[in-house]
Amino acid sequence: MLPEPGPDGLPGSAQLTRERARHGLGGQFHGAPTTQLHGQLTAGLLDGGDLVRLAAPAARLLAYLGAAARRTDAPPQAAEGRTLLADLVRAQLGTDPTAWRRVAERLTGLDPEWNPNSTVETLLAA
């Protein structure tokens, strides 16, 4: 049994936190996902790139990044994640309606081949 992430992140190494993030953040703990992510970012256990390229599930991370844009207490690493996300959206989706439709189908459960416990980077990929 591993300790629950809280406002101060997880005790131990960043490697343990990244491995845990890879298999899904939030949902299994008492602390809200926002509290968990804020703590992990602030403690340096995750960074902005981890939110997009490593952590799952994509829908939860997109919600976090969107909410962090409106919060004055969001760690700076969240802004780094949003910048990376914007770059990926431009590169992977751009103005291609087919690509946007693919992402919408994945997020709404209409793509039976899509694994919802994937990363944001995987969500945006063709």
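Everything below is about the structure shown above.
The rules behind these values
Residues numbered from 1 in each chain as written. Predicted model: local features only at pLDDT ≥ 70, side-chain atom pairs only at ≥ 80, totals over all residues. Heavy atoms only, no water. Core = buried A, V, L, I, M, F, W, Y, C linked by side-chain atoms within 4.5 Å. Buried < 20%, exposed > 50% of the residue type's maximum accessible area, 1.4 Å probe, protein only. Helix = DSSP H or I, 4+ residues; strand = E, 2+ residues; numbered from the N terminus. Contact = heavy atoms within 4.5 Å. Salt bridge = Lys/Arg side-chain N within 4 Å of Asp/Glu carboxyl O. Expected span 1.5 Å × (residues − 1). Axes fitted to C-alpha atoms, helices over the stretch in contact; angles between N-to-C directions. Parallel < 35°, antiparallel > 145°, perpendicular 65-115°, else oblique. Left-handed = near helix turned anticlockwise from the far one by under 90°. Nonpolar A, V, L, I, M, F, W, Y, C, P; charged D, E, K, R; others polar.

Draft legend 1. Up close: the nonpolar core. Counting 25 residues, the largest nonpolar core has Leu51, Val52, Tyr64, Val120 and Leu124 as the members making the most contacts within it. Mapped onto this core, the elements with two or more residues apiece are helix H2 (33-42), helix H3 (48-53), helix H4 (58-68), helix H5 (76-92), helix H6 (97-107) and helix H7 (120-124). Here this core takes 5 residues from H4, the largest share from any one element. Those residues in contact with Leu124, other than ones at most four positions away along the chain, are Leu85, Leu88, Val89, Gln92, Leu93, Arg102, Val103 and Arg106.

Draft legend 2. View of unusual backbone geometry. Cis peptide bonds are those with omega within 30 degrees of zero, and the linkage from Ala56 to Pro57 qualifies with -5°. Tracing the sequence through the fold places Pro57 in the loop between H3 and H4.

Draft legend 3. View of the pattern of salt bridges. Scanning all chains against the criterion turns up 4 salt bridges. In this structure, Arg71 and Asp73 form a salt bridge, with 2.7 Å as the shortest nitrogen-oxygen distance. The salt bridge partner of Asp87 is Arg90, with a shortest N-O separation of 2.5 Å. A residue pair is termed a helical-turn pair when its members lie 3 or 4 positions apart in one helix, as Asp87 and Arg90 do in helix H5 at 3 residues. Take Asp87: its relative accessible area is 38%, and that puts it in the partly exposed class.

Draft legend 4. Representation of H5 within the structure. Spanning 17 residues, H5 covers 24 Å between terminal C-alpha atoms, matching the ideal 24 Å at 1.5 Å per step. Tucked inside the fold, the buried residues of H5 contact H2, H3, H4 and H7. Looking one or two residues beyond H5, the residue adopting positive phi is Gly94, at roughly 50°.

Draft legend 5. Expanded view of the environment of Ala68. With respect to the helices and strands, Ala68 occurs in helix H4. Judged by its relative accessible area of 4%, Ala68 falls in the buried class. Put simply, Ala68 and Gly81 are 13 residues apart on the chain and 10.0 Å apart in space, counted from C-alpha to C-alpha. Discounting chain neighbours no more than four positions away, the residues touching Ala68 are Ala74, Ala78 and Arg82.

Draft legend 6. Inspection of the packing of H4 against H5 at higher detail. Orientation of H4 relative to H5, taken along the N-to-C sense of each, is 115°, at an axis distance of 9 Å. Classified by the angle their axes make, H4 and H5 are roughly perpendicular. Relative to H5, the crossing made by H4 is left-handed. Of the residues in H5, those in contact with Leu62, Tyr64, Leu65 and Ala68 of H4 are Ala78, Gly81, Arg82 and Leu85. Split by residue class, the contact of H4 with H5 holds 6 nonpolar, 1 polar and 1 charged.

These values are about where atoms sit, not about what they do.
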